[in-house]
Amino acid sequence: GENVEQHPSTLSVQEGDSAVIKCTYSDSASNYFPWYKQELGKGPQLIIDIRSNVGEKKDQRIAVTLNKTAKHFSLHITETQPEDSAVYFCAASMGGTASKLTFGTGTRLQVTL
Amino acid sequence: NAGVTQTPKFQVLKTGQSMTLQCAQDMNHEYMSWYRQDPGMGLRLIHYSVGAGITDQGEVPNGYNVSRSTTEDFPLRLLSAAPSQTSVYFCASSFLKGEPLHFGNGTRLTVT
């Protein structure tokens, strides 16, 4: 089955700096790659996703890039703010939908003042 | 619009006890699923359903049963709880075609 690796496990940045989280996946048939943000005591929430026919997608301060050849994708957060502090998960699935997502192990992002 | 509702929020069981974790969604989603979240292991799929009357196993199904008698509800049953089932359980749902997965706020289960 699919295996998703995520790095780093923890990341501390100063407010205003950029943060980058990287994931690799094993199954070349995977074609849907969402990113979720989880705040303390809550369920994960989708923040951005990308499909395999697109190389990059941006939404305000958040962007995701996908390299299908290398089988890796990354989350970029620019101008970080304290409210960006949370655990971020990458995931992958086949079929272009959220069905049967395989998740990475998570990155705890801490934005310090 | 309540979204995905999970009950209870917290539960403590003794080894060997049984219980049912409840999940309900009001978005008319065909797809529903259960994940468990353990430290350092991300979220792992337990069981999923693509519609009423249809269920299938995910990555870690042992020790859990599910059924889907209605579109709205997808309960997760632990028949004989074990300490290894101590975890946070999340229910999630979506439309089958290209929609994001919506998560509930989780049930924290401790088995002693």
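If you're wondering where the values come from, they're calculated on a predicted model, not measured in any experiment.

1. Digging into the overall build of chain A
- For chain A, the count of helices and strands is zero helices and 11 strands.
- When the helices and strands of chain A are placed in sequence order, the string is β-β-β-β-β-β-β-β-β-β-β.
- Principal-axis analysis of the C-alpha atoms places the extent of chain A at approximately 40 × 30 × 20 Å.
- Relative to its full complement of 113 residues, chain A shows a buried share of 44%.
- Nonlocal contacts in chain A, meaning residues at least 24 apart in sequence, comprise 54% of its contacts between residues at least 6 apart.
- As displayed, chain A has an accessible area near 5500 Å², and 46% of this comes from carbon and sulfur atoms.

2. Some words on the state of the cysteines
Residue and element names in this part refer to chain A.
- Under the counting rule described, the total for this entry stands at two disulfides over all chains.
- There is a disulfide in this structure between cysteine 23 and cysteine 90, and the S-S distance comes to 1.9 Å. Torsion about the S-S bond of the cysteine 23 and cysteine 90 cystine: about -100 degrees, corresponding to left-handed handedness. Residue cysteine 23 is located in strand β3 (residues 19–25), and its partner cysteine 90 is located in strand β9 (residues 86–92); the two are separated by 67 residues in the primary sequence.
- For cysteine 23, a relative accessible area of 1% gives the class buried.

Analysis parameters
Residues numbered from 1 in each chain as written. Chains lettered and ligands numbered in written order. Predicted model: local features only at pLDDT ≥ 70, side-chain atom pairs only at ≥ 80, totals over all residues. Heavy atoms only, no water. Helix = DSSP H or I, 4+ residues; strand = E, 2+ residues; numbered from the N terminus. Buried < 20%, exposed > 50% of the residue type's maximum accessible area, 1.4 Å probe, protein only. Contact = heavy atoms within 4.5 Å. Areas by Shrake-Rupley, 256 points an atom, 1.4 Å probe, with all protein chains shown as cover. Disulfide = S-S within 2.5 Å.

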